[in-house]
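The primary structure of each chain is shown beneath.
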Amino acid sequence: MNSSIARVLQATAGMILLAVIWQILSMTLPPFLFPPVPEIISRTIEILITGSLLVDVLLTAARIFGGLFGAFIIGAILALLIARSKTLENFISPVLTFFQGIPALSWVVFAIIWFHGTEFRVLFIMIMTTLPAFTFQILDAIRSMSKDLFEMTMSFRPSRWTLFRFLIVPTIVPGILTAWKVNLGNAARVVVVAELVGATGGVGYQLLRQQQLFDMAGAMAWTLQLVLFVLVVQQTINAIEAWALRYRPVSERSI
Amino acid sequence: MTADPVIRFTDVTKTFRRPDGRGDFVAVDKLSFEIAKGEIVAVLGKTGCGKSTMFNIVAGLTEPSEGEARVVGHDPFREFDFFRGKIGIVFQNDRLMPWRTALDNVLLGLQVLDTDPKQAVETARGWLARLGLSGHENDYPHALSGGMRQRVSIARAFAVNPEILLCDEPFSALDEMTARDLRAEFVRLVRQNNKTAVFITHQINEAMEIGDRVLVFHRPARIAYETRLSAATGEAERRKVQEDIMRVLSVEQATA
Ligand SMILES: Nc1ncnc2c1ncn2[C@@H]1O[C@H](COP(=O)(O)OP(=O)(O)OP(=O)(O)O)[C@@H](O)[C@H]1O
Ligand SMILES: [Mg+2]
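Residues numbered from 1 in each chain as written. Chains lettered and ligands numbered in written order. Predicted model: local features only at pLDDT ≥ 70, side-chain atom pairs only at ≥ 80, totals over all residues. Heavy atoms only, no water.

A.B. asks: So what exactly am I meant to see when it comes to the domain arrangement of chain B here?
C.D. replies: Residue and element names in this part refer to chain B. When the domains of chain B are assigned, the result is domain 1 (1-26 + 60-83) and domain 2 (85-194). Taking only C-alpha atoms into account, the centre of domain 1 sits 26 Å from that of domain 2. If you look at the interface, domain 1 gives 6 residues, while domain 2 gives 5 residues. Across the interface of domain 1 and domain 2, roughly 490 Å² is buried in total on both sides, 77% from carbon and sulfur atoms. (Domains from an automatic or database assignment. Contact = heavy atoms within 4.5 Å. Buried area = accessible area lost by both parts, 1.4 Å probe.)

Take a look at the structure:
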């Protein structure tokens, strides 16, 4: 009981300190540079409770999920292919590494030149920017499979599908959950850039508007929407992780 | 023995590539033997002589580099589907899936065989009970002791009711009392169901107690000594066999 209160305090102390510093700055500097904390909070809540504004948040959330799901599915297929064939690895890996070096903004430019339709452009950008990391992380998870467990399972001579369900999936679940957490952060940062392709809605669009209006409190409030979104999804993944990996032994000693 | 052997090795050689690339390492060296249906064969040999490698070949997990390994007349490495449910293996280490409970680990083979789930759970529970693990069905492997884990892995191999049982030092992690009970139970099961079993052990006593036949491996693996035992084998003869095995093993040590 006490320790859980302590944990909450520890987790929020840094944020509270940040808010206090900001508040002090807002009292000494012009408010259009540093709007007071209460105003930021009320603007943030306003977005959440105003249907027409909340739609923008949900739209961006949907774009993030769409991109991540696309990249996850394609990445998982690529990783399985690479894991099964050295030739395919030699073929695919360098291309993915090459993609990894391309900035998100370049994909934005390519998407605008190549495609019509905002949603397709955004989806394309989201997938291209998160696909390499997803593929490499899933591949890594597959390769970390224990040879002992693999041979034990193979001694029962399962079909490919059974092997996949009974051994490969449980082996790669921890890696996949980690990959989702990492890529979620990346995707949340890329999505606002992707929304510059001419989206007429979404957090990126709203941020651009706040810039034109020179509204710092608004810019903060819209930024916080994304941060909150990432936090909520991270916590959800953490909860799934705790449940899926409940079999893991925990030492009484810490590292 | 007139019937075809269940397991037949003909000049089987297995070499492994050395990690530093300096040539090959011979683990099994022109090994030949036959095991008939219903036999229990105990295999003795110094550590690293290729016993587990021989098992992996029988189980179809590794392919011989040379020679021919046949199990009921078929190639265990190439004919993957043919052997489904036919060979049960108790590995040297327990190899339990950490994400499955004791019961679910025992269920693995039954699930691969698509056994009716209710029936499968009943069978698995029965095996856990037989091995003294009632009440631990829902424990994860990390919460079990080494000996308990090994017993779960024994239950997993036996639960599919395979024709051929390969046991790699299955009782080495157990105390002598438990091991003795399980040895007796093991022999009874194999006999009762007319199964064929190969049993690796480091203990001469255990080998002689369990085996109709004892094979002693040279290092690298080939037959260094072989003897047949039965209930009729007298005390004096048993002592002689024991001395012979000890002598063969100690010669092996001197030349290793
Ligand atoms: N995958 C492998 N790659 C390279 N060398 C191997 C491999 N598997 C086994 N060996 C080598 O083959 C030899 C025989 O190994 P094996 O595990 O069959 O011995 P063993 O008789 O079972 O020994 P123990 O009684 O200690 O279990 C060892 O020297 C080992 O180093
Ligand atoms: Mg061994």
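Back to the write-up after that little detour.
A.B. asks: Any chance you could explain the environment of B:Val216 here in plain terms?
C.D. replies: Residues and elements named next belong to chain B. Mapped onto the elements of the fold, valine 216 is located in strand E8 (residues 213-217). The spatial distance from the C-alpha of valine 216 to the C-alpha of isoleucine 204 is 9.8 Å, given a sequence separation of 12 residues. Those residues in contact with valine 216 that lie beyond four places of it in its chain are Leu44, Arg222, Ile223, Ala224, Tyr225, Ile245, Val248 and Leu249. (Helix = DSSP H or I, 4+ residues; strand = E, 2+ residues; numbered from the N terminus.)

A.B. asks: Explain the packing of aromatic side chains to me, please; I cannot follow it from the model alone.
C.D. replies: The geometry of two aromatic rings is summed up by the distance between their centres and the angle between their planes. Counted under the stated rule, the structure contains 26 aromatic pairs over all chains. Ring geometry for A:Phe115 and A:Phe120: centres 4.9 Å apart, planes at 80°, overall edge-to-face. Taking the relative accessible area as the measure of exposure, A:Phe115 reaches 23% and is therefore partly exposed. With relative accessibility at 46%, the residue A:Phe120 sits in the partly exposed group. Considering the side-chain rings of B:Phe9 and B:Phe33, the 4.8 Å spacing of their centres and the 20° angle between planes classify their relative orientation as stacked. In this pair, B:Phe9 is assigned in strand E1 (residues 7-17) and B:Phe33 in strand E2 (residues 24-35), connecting sequence segments 24 residues apart. Summarising the burial analysis for this pair, B:Phe9 and B:Phe33 share the class buried. Of the aromatic side chains, those joined through ring pairs into one cluster are A:Phe98, A:Phe99, A:Trp107, A:Phe110, A:Trp114, A:Phe115, A:Phe120 and A:Phe124. Taking NZ or CZ as reference, B:Lys86 lies 4.3 Å from the ring centre of B:Phe82, over its face. (Phe/Tyr/Trp six-rings, centres within 6.5 Å; stacked < 30°, edge-to-face > 60°. Buried < 20%, exposed > 50% of the residue type's maximum accessible area, 1.4 Å probe, protein only. Lys NZ or Arg CZ within 6 Å of the ring centre and 35° of its normal.)

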